[in-house]
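So the chains spell out like this:
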Amino acid sequence: MTTTKKKSYRETVLPEDLRNITGHQSTSRKLDTREHTKYLKGHLGSSHRFGIPIHPHRRCDSTDVKEETDTKIKYHKSYYVDQAGSGVIALRDVGEFPTFLVKQRRIPEAWTFRKACHDNLVSLLDFYTESNSIFLAYEYIHLAISLDCLAGIVDMSEADIATVCREILNGLVYIHSELRISHGSIDCSNILLNEKGEVKLANIGDSMIHENALSDWKEDIAAIGFIVICMNNSTSLISGAALEDTTLSGSALKFVGNTKEKTAKELLDDEFLCLANPGGSWSLKRHYFDVLPLSIRFGKRAREKS
């Protein structure tokens, strides 16, 4: 006895609005990319998550996407923090909400914006203007600690000091050679340490706004000599640099003297930097966590304009 199996079919009925954008009732037609994009804009464009508007994520070659990328991208501000100066944590209104640290400045009469990215730099990634202000969007370093927070709290060996100097010099080589400007504000308050022990120079956007000339590079280098003395003797931050009050070795003192005449590239070959930690600045992590409980400060919540 033979039995005949009946074929089973599944009929899917699309919602009316989806059927309409395909042009007819057939479910077998492939949805046109542009029409699908318009549908997403109309149905998903007003949705919110955590109080922040979510725009549909689209990966296609339609003209709608090109038009959207040409418009000004908004930053949703959160809390004010101190990252070598006051700034506000902000989420950029694009996919995955990348986090930035936005600092407000007066619009200069003339300046040239340029992205600045380097391992030893707090990278400057974007800017926008509102009214009479310019907003600089930097990478956000979570719980960044400045060098002046370390002074007087942790005891830094000459190997630690040499490591810090090497990282600063690497950042200055990039600023002087690639950006073709001077930093102009190399001091302990503008040098940050993160949880990985990485050393980063902050506020390069201010250097661009002030149009710091490359001809002033010697001031950047000489400032490193003062930093060496401060890391060895924290009272120098208040009373000023005084070599006679330090316990620095002969090679360290010679390095300080060389900062008055040599370039950043030349100083990277200095004998004193042979003491620096090989393979990066991870050895500084222990100092970061020593002072972390004393350095956590969050400011008031930022208000969004309605």
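Above this text sits the structure in question.
Residues numbered from 1 in each chain as written. Predicted model: local features only at pLDDT ≥ 70, side-chain atom pairs only at ≥ 80, totals over all residues. Heavy atoms only, no water.

**Q** Teacher, can you tell me more about the sheet that holds strand S9 (residues 191–193) here?
**A** Strand order in this open sheet of 3 strands is S8-S9-S10, and the pairing throughout is antiparallel. Because the sheet does not close on itself, it has two edges, and the strands there are strand S8 (145–146) and strand S10 (199–201). Where helix H5 (residues 158–179) meets the sheet, its contacts fall on S9 and S10, and the angle it forms with S10 comes to roughly 35°. (Pairing = 2+ DSSP bridges. Helix = DSSP H or I, 4+ residues; strand = E, 2+ residues; numbered from the N terminus. Contact = heavy atoms within 4.5 Å. Axes fitted to C-alpha atoms, helices over the stretch in contact; angles between N-to-C directions.)

**Q** Quick question: what am I supposed to make of the pattern of salt bridges here?
**A** Close approach of charged atoms lets side chains of opposite charge pair. Scanning the entire structure with this criterion turns up 5 salt bridges. Note that Lys200 is salt-bridged to Glu139, the shortest N-O span being 3.5 Å. Taken together, the residues span a long stretch of sequence, with Lys200 in strand S10 and Glu139 in strand S7 (residues 133–139) at a distance of 61 residues. (Salt bridge = Lys/Arg side-chain N within 4 Å of Asp/Glu carboxyl O.)

**Q** Explain the packing of H5 against helix H7 (residues 217–232) to me, please; I cannot follow it from the model alone.
**A** A packed helix pair is summarised by two numbers, namely the angle formed by the two axes and the spacing between the axes. Here H5 crosses H7 at 165°, and the two axes come no closer than 11 Å. When the axes of H5 and H7 are compared, the pair comes out roughly antiparallel. You can see that H5 and H7 cross each other, and the crossing is right-handed. Contacts from Ile161, Val164, Cys165, Ile168, Leu169, Leu172 and His176 in H5 reach Trp217, Asp220, Ile221, Ile224, Ile227, Val228, Met231 and Asn232 in H7. Its residues assigned to classes, the contact of H5 with H7 comprises 12 nonpolar, 2 polar and 1 charged. (Parallel < 35°, antiparallel > 145°, perpendicular 65-115°, else oblique. Left-handed = near helix turned anticlockwise from the far one by under 90°. Nonpolar A, V, L, I, M, F, W, Y, C, P; charged D, E, K, R; others polar.)

**Q** Is there a simple way to explain the state of the cysteines in this structure?
**A** Linking two cysteines covalently via their sulfur atoms produces the bond known as a disulfide. Under the defined criterion, the tally for this structure stands at 0 disulfides. Lacking any disulfide linkage, Cys230 is separated from the closest cysteine sulfur, that of Cys188, by 4.9 Å. (Disulfide = S-S within 2.5 Å.)

**Q** How should I be thinking about the nonpolar core in this particular structure?
**A** Proteins that are soluble and globular tend to have nonpolar side chains buried together. Membership of the largest hydrophobic core comes to 60 residues, with the highest contact counts inside it found for Ile168, Leu172, Ile175, Ile204 and Phe255. Top contributing element to this core by residue count: H5, with 11 residues. Membership of the second largest hydrophobic core comes to 9 residues, among which are Tyr75, Ala90, Tyr128 and Ala137. (Core = buried A, V, L, I, M, F, W, Y, C linked by side-chain atoms within 4.5 Å. Buried < 20%, exposed > 50% of the residue type's maximum accessible area, 1.4 Å probe, protein only.)

**Q** How do you make sense of H7 when you look at a structure like this?
**A** Note that an α-helix has 3.6 residues per turn; residues three or four places apart therefore point the same way. Between its first and last C-alpha, H7 extends 24 Å over 16 residues, near the 22 Å set by a 1.5 Å rise per residue. When H7 is considered as a whole, its buried residues turn out to be Asp220, Ile221, Ala223, Ile224, Gly225, Ile227, Val228, Ile229, Cys230 and Met231. (Expected span 1.5 Å × (residues − 1).)

**Q** Would you mind going over unusual backbone geometry with me for this structure?
**A** Trans is the common state for peptide bonds, and a negative phi is the common state for residues other than glycine. Phi angles above zero are rare outside glycine, and Ala84 is one such case at about 55°. Positioned with a positive phi, Glu211 is a non-glycine residue whose angle comes to about 55°. Following the sequence through the fold, Glu211 ends up in the loop between helix H6 (204–209) and H7.

**Q** Where do I start with the environment of Arg106 in this structure?
**A** Structurally, Arg106 can be placed in strand S5 (residues 99–106). Spatially, the C-alpha atoms of Arg106 and Asn132 are 6.3 Å apart, while their sequence positions differ by 26 residues. Arg106 has contacts with Asn132 and Ile134, leaving out every residue within four places of it along the chain.

**Q** Even after reading the chapter, I still don't get the pairing of strand S6 (residues 124–130), so can you show me in this structure?
**A** A regular strand places its side chains on the two faces of the sheet in alternate fashion. Bridge count between S6 and S7: 6 bridges; the pairing is antiparallel. In the sheet register, Asp126 faces S7, and the bridge partner there is Ala137. In this structure, the hairpin formed by S6 and S7 is closed by a connection of 2 residues, where Ser131 is found at a positive phi of approximately 55°.

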